[in-house]
Amino acid sequence: MSEPAQNLITFDDFIKVQLKVGRVESAEVMPKMKKVFKATVDVGGEKRVVAVGAAPWIKPEDFVGKTVVICTNLQPRKIGDIESNGMLLAADGPEGRPVFLTVAEEAPSGAPIH
């Protein structure tokens, strides 16, 4: 099924999105937040704190060590008590469960995705 024409973007718009490989170094529950936990992601010598909207399905400690895809040039957003500095890419799984895009082969943290 093709997308409606009004949703099309140009190649120049697409290349503005900076996607990188990241490794989840730590993750923890956020007080008063039922759907979100906090994760620290290494994106190649830089640590990013991000809010992860997966708390109903994934325990934060089970998220540590994952090699994920992160958008690094998204405008920061205040979520709960933190400023989230990136977004992890995920597909919609069964019953709304996020299925995070991960990197199966060895790729260094911070490697650009294109």
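Refer to the preceding data block for the structure.
Remember, it's a predicted structure, so these values are computed and weren't measured experimentally. (Residues numbered from 1 in each chain as written. Predicted model: local features only at pLDDT ≥ 70, side-chain atom pairs only at ≥ 80, totals over all residues. Heavy atoms only, no water.)

Draft legend 1. Spatial organisation of the overall build of the chain. Along the backbone of the chain there are two helices and ten strands. Relative to the 2.2 N^0.38 estimate, which gives 13 Å for 114 residues, the radius of gyration of the chain is 15 Å and therefore close to what a compact globule would have. Counting only C-alpha atoms, the chain reaches 40 × 35 × 30 Å along its principal axes. Expressed as a percentage of the 114 residues in the chain, the buried residues total 32%. Within the chain, residue pairs in contact and separated by at least 24 positions form 55% of the contacts whose partners lie at least 6 positions apart. (Helix = DSSP H or I, 4+ residues; strand = E, 2+ residues; numbered from the N terminus. Rg over C-alpha atoms; globule rule 2.2 N^0.38 Å. Buried < 20%, exposed > 50% of the residue type's maximum accessible area, 1.4 Å probe, protein only. Contact = heavy atoms within 4.5 Å.)

Draft legend 2. Inspection of the pairing of strand β3 (residues 47-52) at higher detail. Here strand β2 (residues 37-42) pairs with β3 via six bridges, running antiparallel. Of the residues in β3, the one forming a bridge with Lys 38 is Ala 51. Hairpin connection, β2 to β3: the antiparallel pair is bridged by four residues, and Gly 44 has positive phi, about 85 degrees. (Pairing = 2+ DSSP bridges.)

Draft legend 3. Looking closely at the pattern of salt bridges. Scanning the entire structure with this criterion turns up six salt bridges. Note that Lys 47 and Glu 25 form a salt bridge whose closest N and O atoms lie 3.2 Å from each other. Remark: Glu 25 occurs in strand β1 (residues 19-29) and Lys 47 occurs in strand β3; sequence separation between them is 22 residues. Given a relative accessible area of 47%, Lys 47 falls into the partly exposed group. The partner of Lys 47 in a salt bridge is Asp 42, with the nearest N and O atoms 3.7 Å apart. Classification of Asp 42 as buried rests on a relative accessible area of 14%. Taken together, the shared-partner salt bridges connect Glu 25, Asp 42 and Lys 47 into one network. (Salt bridge = Lys/Arg side-chain N within 4 Å of Asp/Glu carboxyl O.)

Draft legend 4. Focus on the nonpolar core. Counting residues in hydrophobic clusters, the biggest one holds 15 residues, and the most contacted among them are Phe 37, Val 41, Val 50, Val 52, Phe 63, Leu 88 and Phe 100. When residues of this core are traced back to their parent elements, those giving at least two are β1, β2, β3 and β4 (67-71). Phe 100 has contacts with Val 52, Ala 54, Ile 58, Phe 63, Leu 88, Leu 89 and Ala 90, leaving out every residue within four places of it along the chain. (Core = buried A, V, L, I, M, F, W, Y, C linked by side-chain atoms within 4.5 Å.)

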